[in-house]
Amino acid sequence: MTPLRIAVCIASRNRPIALTGVIAGAWRLQSGQNHIAFVVAADEDDARTIDACERIAKDGEIPLVLSVAPREPYLGAAQNRAAGMARDADIVTLLSDRTFVTAPGWDAIIADATGAHPHRLLWWQGPDRDTVLPAIPRSYLDALGWRYSPERFPYWFDDTWHTEIDRMASGGPSLLCRATYGGIRQKTTRLREVAFWTRLFVALRPERVRLAKTLADATGRPWSEPPETMLADFCARDGRLLANAARFDQMFGDPAAPVEPEYLVARTAAEEM
């Protein structure tokens, strides 16, 4: 099988030890059948992450490109920046600095699954079997202008955003592949007001329908409006998020953390939307 170019893109902030472990683990567990490279998006005020990445790149064993920019209001903006530096990749996969690859030959697993489903998002399998970490084929990114994130949310939500787009464009269920990861769920940077951001996510569903049609058209798939059963599934997930919003705020947020100016920028834009 022809080797594929797979870019592992990571948006990271102030977790240099964990980030180094994620990169080294993924590198060591590759199959050797494909071309693997890493792109890390770091904030310009994050000297620890920048230093860790420069050390890895200087060592010369692991191909790593570092993108440094001012901190932005949206997690997805950093992921878009990283993916934008990997436009020659056949597949882009988004890991985080606390998701550790556990599947030997993970790249071959993703490559084989992409061959079977060339225009679909694939999802790594984690402990909760949810759609969190995507492996994205070039055709999917081409259709969306290589703008994976809508840059609407300061945390979470982009994975659920694309879960819906992929399902509507394909008409099928989400595809979990045998590439697995582990990691302890911890506090999430900038997580607060889950109910507010869930309401924004729900309100923007028409935009996801439009993007799903764009994706279907670009990849040569017949388009039909999402069936009621699929929409009911989406609405049930909305309901679960809203019902558990206060608990998620407590579990994953940090009420003692100051409200950052970038968060207020994102919230003001969300209020306008």
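Now for a quick tour of the structure. Note that the structure is predicted; figures quoted are calculated from it, not measured.

Thresholds, definitions, all that
- Residues numbered from 1 in each chain as written.
- Predicted model: local features only at pLDDT ≥ 70, side-chain atom pairs only at ≥ 80, totals over all residues.
- Heavy atoms only, no water.
- Helix = DSSP H or I, 4+ residues; strand = E, 2+ residues; numbered from the N terminus.
- Phe/Tyr/Trp six-rings, centres within 6.5 Å; stacked < 30°, edge-to-face > 60°.
- Lys NZ or Arg CZ within 6 Å of the ring centre and 35° of its normal.
- Axes fitted to C-alpha atoms, helices over the stretch in contact; angles between N-to-C directions.
- Parallel < 35°, antiparallel > 145°, perpendicular 65-115°, else oblique.
- Left-handed = near helix turned anticlockwise from the far one by under 90°.
- Contact = heavy atoms within 4.5 Å.
- Expected span 1.5 Å × (residues − 1).
- Buried < 20%, exposed > 50% of the residue type's maximum accessible area, 1.4 Å probe, protein only.
- Arc of directions from axis to C-beta.

Among all residues except glycine, the phi angle is most often negative; among peptide bonds, the trans geometry is most common. One non-glycine residue with positive phi stands out, namely W146, at about 55 degrees. You can see W146 is positioned in the loop between α5 (138-143) and α6 (158-170). The phi torsion at R190 lies on the positive side, around 70 degrees, for a residue other than glycine.

In total, this model carries 15 aromatic pairs according to the counting rule given. With a centroid separation of 5.7 Å and 70 degrees between ring planes, the pair formed by W156 and F252 is classed as edge-to-face. Of this pair, W156 sits in the loop between α5 and α6 while F252 sits in helix α10 (residues 245-252), and the two are 96 residues apart along the sequence. Look at W197 and Y263: their rings are 5.9 Å apart centre to centre, the planes differ by 75 degrees, and that puts the pair in the edge-to-face class. On the criterion of sequence distance, the pair formed by W197 in helix α7 (residues 194-203) and Y263 in helix α11 (residues 261-272) is long-range, its members being 66 residues apart. In textbook terms, an aromatic cluster arises when at least three aromatic residues are bridged by ring pairs, as seen for F153, Y155, W156, F157, W161, F196, W197, F201, F248, F252 and Y263. Above the ring of Y263, the side-chain terminus of R192 is found at 5.6 Å from the ring centroid. Taking NZ or CZ as reference, R267 lies 3.8 Å from the ring centre of F196, over its face.

Bringing the packing of α7 against helix α9 (residues 228-243) into the picture now. Running from N to C, α7 and α9 cross one another at 165 degrees; their axes reach a closest spacing of 9 Å. Taken as axis vectors, α7 and α9 run roughly antiparallel relative to one another. Crossing angle aside, the handedness with which α7 passes α9 is left-handed. Residues V194, A195, T198, R199, F201 and V202 of α7 touch α9, and the partners they reach there are D238, L241 and L242.

All right, on to α9 then. Its 16 residues give α9 an end-to-end C-alpha distance of 22 Å, which sits within 8% of 22 Å, the value for a rise of 1.5 Å per residue. The complete set of buried residues in α9 reads M230, F234, D238 and L241. Each buried residue of α9 lies within a common arc of 85 degrees when the element is viewed along its axis, so the set occupies one face. α9 presents E228, T229 and A243 as exposed residues on the side facing more than 90 degrees away from its buried surface. Where α9 is buried, its residues meet α6, α7, α8 (205-218) and α10.

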